[in-house]
Amino acid sequence: MLYDGLRIKRPLLAITQGDAAGIGPEIVAKAFRDAPEELRGCFAVGDLATLRRAAQCIERPGLPSLPVAWIGRAEDAREGALPPRCLPVLQLPGLPGLLPWGRVSAQAGRAAADCVVWAAQAALRGEVDGIVTAPLHKESLHAAGVQYPGHTELLQAEAALHAGVPLINMPVRMMLANDELRTVLVSIHMALRDALDAVTCDNVLQTLRIAHAALLPSLGRAPRMAVAGVNPHAGEGGLFGSEEAEHIAPAIAQARSEGLDVTGPLAPDTVFMRARHTPAKPGEFDVVLAMYHDQGLIPVKYLGVDKGVNVTLGLPLVRTSPDHGTAFDIAGQGIADAASLIEAVRMARSLTWKN
């Protein structure tokens, strides 16, 4: 790749296989087959037999087959080191091999977690430039005894351990993004009753600071951040709840005093429409802060999961993932759409270049 007449290295990205019983391995294989240029400089972390099975399940008449290549180290996947249109796999020791499709399994949960941990540690050591994670299954993680409910919390723990700091000193947030909308969540994977208790001045302010710091490099300016209220009509002046006045508004005031570009609290049933960017009408805001998981994710997913990308903000590494789950009901049929995974690779590459 040339930039201003100079050849620069394409970022090296590790892609975890996800839960072996779900669609993760086959969307990884399909991405390497259908978007070879996008996937140059990438490799899969997982089990060779599982990914070979995935490559076989996506075979169709008239489409090229996908060779699966064993690599012994991440650097082997660097641009030019492998033939085009192949799937390089770094085999992790101790993985269980082929597992039945579509079943919750402790073995699959443990293998998926092991792949994520290896990729995170490689990124933290500087051996890869970023990681893209295929979907895992939370029930399988739980069955395996993994104490974290998802990727975000697992990566947060690995980053804190690497930095030698308590977990509380490694705050992270989830951002879901596509071409039209970005949302950042104040709380992530918790019961709704607990999520409402997490709407505090400190948590909202911390989310604003993390979102500002994460988006500033890519935008080249301070991001325009809108803050959604938690209650209907953003509380309607206290008629429908006090969280806006007691917690959200003070956080916004403090953020503004620090020079952040923040508007709100705004009615949650209209703020996402105001922020949505389309060719016909640019959005008023670059990102919306949502108070809890579904408030922020439903609008982005409604616009299409094929373009949505999950980005973890606050980590000392780049991590993205597709905006969907393991889809056990269609696993192994070769019909899963790899578009969101390809978008996640594009997003990771853009973030690593800017970092």
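Residues numbered from 1 in each chain as written. Predicted model: local features only at pLDDT ≥ 70, side-chain atom pairs only at ≥ 80, totals over all residues. Heavy atoms only, no water.

A. Region of interest: the packing of aromatic side chains. Evaluation of the coordinates by the stated rule reveals one aromatic pair. In this structure, R53 packs its charged tip against the face of W101, placed 4.0 Å from the ring centre. (Phe/Tyr/Trp six-rings, centres within 6.5 Å; stacked < 30°, edge-to-face > 60°. Lys NZ or Arg CZ within 6 Å of the ring centre and 35° of its normal.)

B. The arrangement of helix α3 (residues 106–124) in detail. The first and last C-alpha atoms of α3 sit 27 Å apart over 19 residues, in line with the 27 Å expected at 1.5 Å per residue. For α3, the N-terminal cap is S105; the gap from its side-chain oxygen to the backbone nitrogen of Q107 is 3.1 Å. G126 sits one or two positions beyond α3 and adopts a positive phi of about 85 degrees. (Helix = DSSP H or I, 4+ residues; strand = E, 2+ residues; numbered from the N terminus. Expected span 1.5 Å × (residues − 1). Polar contact = N/O pair within 3.5 Å; in protein donor to acceptor, adjacent residues only side chain to side chain.)

C. Structural view of the layout of surface pockets. Of the voids in this model, the largest pocket is the one considered here, and its volume is about 590 Å³. If you go around the largest pocket, you meet 29 residues; those closest to its centre are M175, A214, V311, M347 and L351. Mapped onto the lining of the largest pocket, the elements with two or more residues apiece are β8 (173–177), α7 (201–219), β13 (309–313) and α11 (339–354). Here the lining of the largest pocket takes seven residues from α7, the largest share from any one element. Looking at side-chain class alone, the lining of the largest pocket contains 16 nonpolar, six polar and seven charged residues. (1 Å grid on protein atoms, 1.4 Å probe; cavity = no way out; pocket = protein on both sides within 12 Å on 5 of 7 lines; lining within 4 Å. Points joined across faces, edges and corners; volume = space filled by probe spheres on them. Nonpolar A, V, L, I, M, F, W, Y, C, P; charged D, E, K, R; others polar.)

D. Quick peek at the pattern of salt bridges. Taken as a whole and assessed by the stated rule, the structure comprises 15 salt bridges. Two residues, E37 and R40, come together in a salt bridge whose shortest N-O distance is 2.9 Å. By relative accessible area, which is 43% here, E37 ends up partly exposed. R209 is paired through a salt bridge with E258; the nearest N and O atoms lie 2.5 Å apart. Taken as a pair, R209 in helix α7 and E258 in the loop between α8 (243–257) and β11 (262–266) lie far apart in primary sequence, 49 residues in all. Residues joined in a network through salt bridges with shared partners are E38, E343 and R346. (Salt bridge = Lys/Arg side-chain N within 4 Å of Asp/Glu carboxyl O. Buried < 20%, exposed > 50% of the residue type's maximum accessible area, 1.4 Å probe, protein only.)

E. Quick look at the state of the cysteines. For the structure shown, the criterion picks out zero disulfides. In this model C42 remains outside any disulfide bridge; the closest cysteine sulfur is found in C86, 12 Å from its own. (Disulfide = S-S within 2.5 Å.)

F. Region of the structure containing the side chain of R173. Looking at the element boundaries, R173 is found in strand β8. The side chain of R173 sits in the buried core without any salt bridge; D202 is the nearest counter-charge, 9.7 Å away. At a separation of 3.5 Å, a polar atom in the side chain of R173 contacts the main-chain carbonyl oxygen of V186. What R173 contacts, discounting residues up to four positions off in sequence, is V184, L185, V186, I188, N203, Q206, T207, I210, V311, T312 and L313. (Lys, Arg positive; Asp, Glu negative; His and termini not counted. Contact = heavy atoms within 4.5 Å.)

G. How the structure looks around the packing of α7 against α8. Their axes nearest at 8 Å, the elements α7 and α8 cross at an angle of 40 degrees. With respect to their mutual orientation, α7 and α8 come out oblique. As α7 packs across α8, the resulting crossing turns out to be right-handed. On the side of α7, the interface is formed by C201, V204, L205, L208 and R209, while α8 contributes H247, I248, P250, A251, I252, Q254 and A255. Across the contact of α7 with α8, the residue classes tally to nine nonpolar, two polar and one charged. (Axes fitted to C-alpha atoms, helices over the stretch in contact; angles between N-to-C directions. Parallel < 35°, antiparallel > 145°, perpendicular 65-115°, else oblique. Left-handed = near helix turned anticlockwise from the far one by under 90°.)

H. Structural view of the side chain of H137. As for its placement among the helices and strands, H137 is situated in the loop between β7 (130–133) and α4 (138–143). Looking at H137, the relative accessible area reads 16%, which means it is buried. A polar side-chain atom of H137 sits 3.2 Å from the main-chain amide nitrogen of E139. With near-sequence residues (within four places) excluded, H137 lies in contact with D19, V104, T326 and F328.

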